[in-house]
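Residue-level listing of the chains:
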Amino acid sequence: MLKFFVIMACLGHIVCGVTDCMMAYSKSGRFDFSDAKDSEKMSRVFAKMPLKQIELATLIGIFALFAAAPGYLSISMWISQYSKIAGNICFISSLFFIVLIVTHHGFCGAVEWFYIRLGRTEEARIAVLEYFKKTILTAIAYVGLLVFSITFWGMVIMRKTDLPIWAAVFNTFPIFLILSPTKIPAKGNIANAIMFFGLIFFL
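Residues numbered from 1 in each chain as written. Predicted model: local features only at pLDDT ≥ 70, side-chain atom pairs only at ≥ 80, totals over all residues. Heavy atoms only, no water.

### Some thoughts on the nonpolar core
Then comes step 1: One finds Y72, I75, I79, F152 and F196 to be the most contacted residues of the largest nonpolar core, which totals 34 residues.
Then comes step 2: No other element matches the nine residues that helix α3 (residues 51-80) contributes to this core.
Then comes step 3: Contacts of I75, omitting those with residues within four sequence positions, involve L2, V6, F148, F152, F196, L199 and L203.
Then comes step 4: Core analysis: the second largest hydrophobic core is formed by 15 residues, F46, M49, I116 and A124 among them. (Core = buried A, V, L, I, M, F, W, Y, C linked by side-chain atoms within 4.5 Å. Buried < 20%, exposed > 50% of the residue type's maximum accessible area, 1.4 Å probe, protein only. Helix = DSSP H or I, 4+ residues; strand = E, 2+ residues; numbered from the N terminus. Contact = heavy atoms within 4.5 Å.)

Structural data, given as structure tokens:
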């Protein structure tokens, strides 16, 4: 069952990465958070973005993240056989991550949907940015992912598990550090998908 859940987590993050791209790309260009400072540029980027695309991206992304959840929890229980403390840390931090990242994904979709639905006006931009700023606390979800990743990475590096030390490469923490300077979209989902893909062959 562990391998099955790991495969599901890999697929879940791949699908969620696709939905991130659906939220960012349209026929009129790619949306970047820096565009939100410029009303004209933001309006132009979302000019040809169909509401249906955002609706699908939001809903599918939420289901994809829930599909990934058992992968994190299963790895946490697997780590527990080597260290109860590390296992509990991973379990709690992964729950923290999943619950909040699902909420955050939903909020991001809502911001884009209402901006377009309200006509992409300056008033709409101000309203959705205010909403986003007041719900940005959900982005703290990434703290949970960071704690999970570093704990898991540390267990492998310190040879506290039966995984080879080089298996530490398949971890969100180092992969995201490599991807972060690039302009690749959905970096977090890519890093998580690579981690779970690598673990398919070890667990």
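Moving on from the coordinates now.
### Here's the deal with unusual backbone geometry
Then comes step 1: You will see that R120, though not glycine, has its phi angle at about 60°, which is positive.
Then comes step 2: Here R120 lies in the loop between α4 (84-117) and α5 (122-135).
Then comes step 3: R120 sits in the partly exposed class, given a relative accessible area of 27%.

### Digging into the side chain of E112
Then comes step 1: With respect to the helices, strands and loops of the structure, E112 is situated in helix α4.
Then comes step 2: Despite its burial, E112 remains without a salt bridge, the nearest opposite charge being carried by R30 at 10 Å. (Lys, Arg positive; Asp, Glu negative; His and termini not counted. Salt bridge = Lys/Arg side-chain N within 4 Å of Asp/Glu carboxyl O.)

### What about the pattern of salt bridges?
Any two side chains of opposite charge can pair, given that their charged atoms come close.
Then comes step 1: As enumerated under the stated definition, the model contains three salt bridges in all.
Then comes step 2: Between R125 and E122 there is a salt bridge; the shortest N-O distance is 2.8 Å. Taken as a pair, R125 and E122 lie in helix α5 at a separation of three residues, close to a single helical turn.
Then comes step 3: Look at R125 and you get buried, because its relative accessible area is 12%.
Then comes step 4: With relative accessibility at 31%, the residue E122 sits in the partly exposed group.

### Regarding the environment of A193
Then comes step 1: Mapped onto the elements, A193 comes out in helix α8 (residues 187-199).
Then comes step 2: Sequence spacing of A193 and T172 is 21 residues, and the spatial spacing of their C-alpha atoms is 8.4 Å.
Then comes step 3: Residues in contact with A193, not counting those within four places in the same chain, are C10, H13 and I14.

### Section: the packing of aromatic side chains
Given two aromatic rings, their pairing is described by the distance between the two centres and the angle made by the two planes.
Then comes step 1: Counting across every chain of the model gives 18 aromatic pairs.
Then comes step 2: Measuring from centroid to centroid gives 5.8 Å for F33 and F132, while their planes differ by 25°, and the two rings are stacked. Pair noted here: F33 is in the loop between β2 (29-30) and α2 (39-45) and F132 is in helix α5, with a separation of 99 residues, a long-range link.
Then comes step 3: Seen from their ring centres, Y72 and F148 are 5.2 Å apart, and the 70° between their planes marks the pair as edge-to-face. Pair noted here: Y72 is in helix α3 and F148 is in helix α6 (residues 141-157), with a separation of 76 residues, a long-range link.
Then comes step 4: For F148, a relative accessible area of 1% gives the class buried.
Then comes step 5: Grouping aromatic residues by their ring pairs yields a cluster made of Y72, W78, Y82, F97, Y142, F148, F152 and F196. (Phe/Tyr/Trp six-rings, centres within 6.5 Å; stacked < 30°, edge-to-face > 60°.)

### Let's talk about the confidence of the model for the protein
Then comes step 1: For the protein, per-residue confidence averages 96 on the pLDDT scale, and residues scoring 70 or more make up 100% of the total.
Then comes step 2: Across the protein, the element-wise mean pLDDT spans from 91 in β2 up to 98 in α3. (pLDDT = per-residue confidence, 0-100.)

### Describing the packing of α3 against α6
Then comes step 1: Close contact between α3 and α6 brings their axes to 12 Å; oriented N to C, the two are set at 40°. Between α3 and α6 the crossing geometry is left-handed. When α3 is examined against α6, the residues Y72, I75, S76, W78 and I79 are found in contact with a partner set consisting of L145, F148, F152 and M155. (Axes fitted to C-alpha atoms, helices over the stretch in contact; angles between N-to-C directions. Left-handed = near helix turned anticlockwise from the far one by under 90°.)

### A few points about the packing of α3 against α8
Then comes step 1: The contact between α3 and α8 brings their axes to 12 Å, and the two run at 55°. In terms of orientation, α3 and α8 fall into the oblique class. For α3 against α8, the interelement crossing comes out left-handed. Contacts between α3 and α8 pair G71, Y72 and I75 from the former with N192, M195, F196 and L199 from the latter. (Parallel < 35°, antiparallel > 145°, perpendicular 65-115°, else oblique.)

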